[in-house]
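# Structural characterization, general
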Amino acid sequence: MFSKVCLNLQPKIVPKKTVLLNLLIMKVFKFGGASVKDAAGVKNVVNVIDKVGSGATLVVVSAMGKTTNALEVVVKQYREKDPELKQNILNLRDFHINILNDLFEDKGHSIFDKVNAIFNDLDTLLERNKSPKYDYIYDQVVSYGEITSTTILSAYFDYKGYTNEWLDARSLIKTDSTYRDAKVDWNATEKAIQNNVNKSGLSITQGFIGSDTNNFTTTLGREGSDYTGGIFAYCLNAENLSIWKDVPGVLNGDPRVFEDTILLNQISYEEAIELAFYGASVIHPKTLQPLQQKEIPLYVKSFINPENAGTAVSKGQTLEPFAPCFIVKKNQVLISLSSLDFSFIVEENISDIFRLFHKYQIKVDLIQNTAISFSVCVDNKFGHLEELIDELKNDFKVTFEENVSLYTIRHFNEEAAQNLEAGKEVLLKQRGTETYQIITKQ
């Protein structure tokens, strides 16, 4: 079960001020790891809240910087009985303590004991764990990143005079037991959020995590903190959800990959879902679904320039400005299947193939087939590719190539397609009316 130590870290509950305040419609803000990667980032979050208003606001926060990556290493070391495990946990604790030293002049502040208690709790968890299941262990361990970051942020808000309530998302977001990719129990979650979130004050909670019916910690999938924001916005009937990034808003391409990117001022839910489906990293694919159901606007804004408009995502908004949108997904796998006896690959075969994809948690990003062949580009994020290939070989001739890149252009034109292909070794190409995709060697 999730730790009682962590549950007792919250400041005093903020009483409801007046009937008038209770009628306020809440806003939900989500800050990612880049926004709280150091003490300066934490201070800036307070600055953003100060500028845009701290009343009737729920703030969802990710783990600090690369903490989740570091905790993934902890999971690996724990399973491999690596002697460096304890030192790496100590290093991670020191990383957070150093941030505290930069934030709090009073070195006797209770936050130092709270953070130490969290890491002691992590040690205890690893000592007492009996489960051999990787996905279960993963969720129990990596959740400590969000627990630590929100504990620090809540204490710092209080330190700067902003009364707030620390909420444990695991007691609010209820899920099934699909560890690392949990499915939300919407009825139980909505009831818990409605009954436990103070709708007239400032609350701080974690992204990415929830809990199952046995109160074991679950996670919503990598980069799932955006989705957490969508869940809270839906359940609170929020006025809007704002996701705060280190970019001006939604761009028509990742500026680290594509040149001359431009800011999209507004897009529709449908277009944003399409971009997320094809792999645009600025919005988590699941985030928009609950927002769309209640027509809750989403704003993607810069925590560097919080007063800028950013990108608005809402119902029926045309893409403005209208321009090709570029997306790349790296470290993909191209799998090609053909029948052993040169018979057609028909519906029954394809159904069996997708049953195996589901069994091994393989996400399919592109499909192309002929009468006797079937090619797919997939994401092997759960590491079950070898098992999948072994089973496919029972019925098909299988070839596969790892470490390929999938490029997608939404609203492509010929110039954009030609520029994208230039200098690349194209393994597969697919063209529709609105979407153009190629798979290349990395």
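Anyway, here's the lowdown on the structure attached to this text.

Moving on, we get to the overall build of the protein chain. What the protein chain contains, in helices and strands, is 14 helices and 16 strands. Rg of the C-alpha trace for the protein chain: 23 Å, near the compact-globule value of 22 Å for 442 residues, within the 12% margin. Each of the three principal axes of the protein chain carries a C-alpha extent, and together these read 70 × 50 × 40 Å. Taking all 442 residues of the protein chain together, 52% fall into the buried category. Counting only contacts in the protein chain whose residues sit at least 6 apart along the sequence, the fraction spanning at least 24 positions is 75%. Of the roughly 20,300 Å² that the protein chain leaves accessible, carbon and sulfur atoms contribute 49%. Averaging the coordinates of the 47 positive side-chain charges in the protein chain and doing the same for the 56 negative ones gives two points 5 Å apart.

Turning to the pairing of strand S9 (residues 298-302), a few remarks are in order. Extensive coverage of S9 is indicated by the burial of 4 of its 5 residues. As paired strands, strand S7 (residues 240-245) and S9 are joined by 5 bridges and run parallel to one another. Bridging from a neighbouring strand, Ile-243 pairs with Val-300 of S9. Where S9 lies against strand S10 (residues 311-314), 3 bridges are found, and the strand directions are antiparallel. In the sheet register, Leu-298 faces S10, and the bridge partner there is Val-313.

Time to look at the packing of helix H4 (residues 67-79) against helix H5 (residues 85-103). Remark: H4 packs on H5, axes separated minimally by 9 Å, with the N-to-C direction vectors making an angle of 160°. On the basis of their axis angle, the class for H4 and H5 is roughly antiparallel. Here the hand of the crossing between H4 and H5 comes out left-handed. Of the residues in H5, those touching H4 at Thr-67, Ala-70, Leu-71, Val-73, Val-74, Gln-77 and Tyr-78 are Leu-85, Asn-88, Ile-89, Leu-92, Phe-95 and His-96. Of the residues contributing to the contact of H4 with H5, the split by class is 9 nonpolar, 4 polar and no charged.

This next bit is on the nonpolar core. Residues Phe-31 and Phe-157 are the most contacted members of the largest nonpolar core, which totals 53 residues. Of all the elements in the fold, those that place two or more residues in this core are strand S1 (27-31), helix H3 (39-52), strand S2 (57-61), H4, H5, helix H6 (110-128), helix H7 (134-159) and strand S4 (202-206). By residue number, the principal contributor to this core is H7, which donates 12 residues. In contact with Phe-157, other than residues within four places in its own chain, are Val-45, Val-46, Ile-49, Tyr-162, Asn-164, Leu-202 and Ile-204. Formed by 44 residues, the second largest nonpolar core is a distinct cluster that contains Leu-167, Val-247, Leu-275 and Val-313.

Moving on, we get to unusual backbone geometry. A cis amide bond links Glu-320 to the next residue, Pro-321, at an omega of 0°. With respect to the helices, strands and loops of the structure, Pro-321 is situated in the loop between S10 and strand S11 (325-339).

Once that is clear, we can look at the sheet that holds S4. Read from one edge of the open sheet, 8 strands run S3-S4-S2-S1-S7-S9-S10-S8, paired in mixed fashion. The sheet is open, and its two borders are formed by strand S3 (164-166) and strand S8 (266-268), each paired with just one other strand. Looking at each pair of strands side by side, their axes are set apart by 20° on average, direction ignored. Two strands pair when backbone bridges link them, and S2 and S4 are joined in this way by 5 bridges, in the parallel orientation.

Attention now goes to the pattern of salt bridges. Enumeration according to the criterion identifies 19 salt bridges in this entry. With a shortest N-O distance of 2.8 Å, Arg-170 and Asp-168 are connected by a salt bridge. In this pair, the class of Arg-170 matches that of Asp-168, namely buried. Close ionic contact of Asp-254 with Arg-256 constitutes a salt bridge, the shortest N to O distance being 2.9 Å. For Arg-256, a relative accessible area of 72% corresponds to the exposed category. One salt-bridge network, in which partners are shared between bridges, spans Lys-30, Asp-226 and Lys-245.

Calculation criteria
- Residues numbered from 1 in each chain as written.
- Predicted model: local features only at pLDDT ≥ 70, side-chain atom pairs only at ≥ 80, totals over all residues.
- Heavy atoms only, no water.
- Helix = DSSP H or I, 4+ residues; strand = E, 2+ residues; numbered from the N terminus.
- Rg over C-alpha atoms; globule rule 2.2 N^0.38 Å.
- Buried < 20%, exposed > 50% of the residue type's maximum accessible area, 1.4 Å probe, protein only.
- Contact = heavy atoms within 4.5 Å.
- Areas by Shrake-Rupley, 256 points an atom, 1.4 Å probe, with all protein chains shown as cover.
- Lys, Arg positive; Asp, Glu negative; His and termini not counted.
- Charge placed at Lys NZ, Arg CZ, Asp CG, Glu CD.
- Pairing = 2+ DSSP bridges.
- Axes fitted to C-alpha atoms, helices over the stretch in contact; angles between N-to-C directions.
- Parallel < 35°, antiparallel > 145°, perpendicular 65-115°, else oblique.
- Left-handed = near helix turned anticlockwise from the far one by under 90°.
- Nonpolar A, V, L, I, M, F, W, Y, C, P; charged D, E, K, R; others polar.
- Core = buried A, V, L, I, M, F, W, Y, C linked by side-chain atoms within 4.5 Å.
- Salt bridge = Lys/Arg side-chain N within 4 Å of Asp/Glu carboxyl O.

Geometric values such as these leave the question of function open.
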